[in-house]
Amino acid sequence: MIDRAAFDDDARMLTISFRQTGKYVYYDVPGIIFEELCKARSAGAFFNQEIKGRYPCRRDPARRRFGPNA
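Residues numbered from 1 in each chain as written. Predicted model: local features only at pLDDT ≥ 70, side-chain atom pairs only at ≥ 80, totals over all residues. Heavy atoms only, no water.

**Some remarks on the nonpolar core**
Okay, so step 1: Formed by 13 residues in total, the largest nonpolar core has its most connected members in Leu14, Ile16, Tyr26, Leu37, Phe47 and Ile51.
Okay, so step 2: Contributing elements (two or more residues each) for this core: β2 (13-18), α1 (31-39) and α2 (43-51).
Okay, so step 3: Not counting residues up to four positions away in its chain, the partners in contact with Ile16 are Ile2, Arg4, Ala5, Gly22, Lys23, Tyr24, Tyr26, Leu37, Phe47 and Ile51. (Core = buried A, V, L, I, M, F, W, Y, C linked by side-chain atoms within 4.5 Å. Buried < 20%, exposed > 50% of the residue type's maximum accessible area, 1.4 Å probe, protein only. Helix = DSSP H or I, 4+ residues; strand = E, 2+ residues; numbered from the N terminus. Contact = heavy atoms within 4.5 Å.)

Below, the structure written as structure tokens:
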């Protein structure tokens, strides 16, 4: 489900790249959430339980879409 994750401690921004849907940025995320995500036995399960729907997010604005659905 999750390909990679990165965290900007100063901005409290968590960036998650999903295998199927691309990259999303989550805002106002405490650093401990990123630490726990990295330690989680299942990153996908942790995401669904602790991150999804709890923090404001949007698709990564730097991401470019190509093709007929762009």
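**A look at the packing of α1 against α2**
Okay, so step 1: Taken N-terminus to C-terminus, the directions of α1 and α2 make an angle of 150 degrees; their axes are 8 Å apart at the nearest point. Considering the angle they form, α1 stands roughly antiparallel to α2. As for the relative orientation of α1 and α2, their crossing is right-handed in sense. Seen from α1, the contacting residues are Ile33, Glu36 and Leu37; seen from α2, they are Ala43, Phe46 and Ile51. (Axes fitted to C-alpha atoms, helices over the stretch in contact; angles between N-to-C directions. Parallel < 35°, antiparallel > 145°, perpendicular 65-115°, else oblique. Left-handed = near helix turned anticlockwise from the far one by under 90°.)

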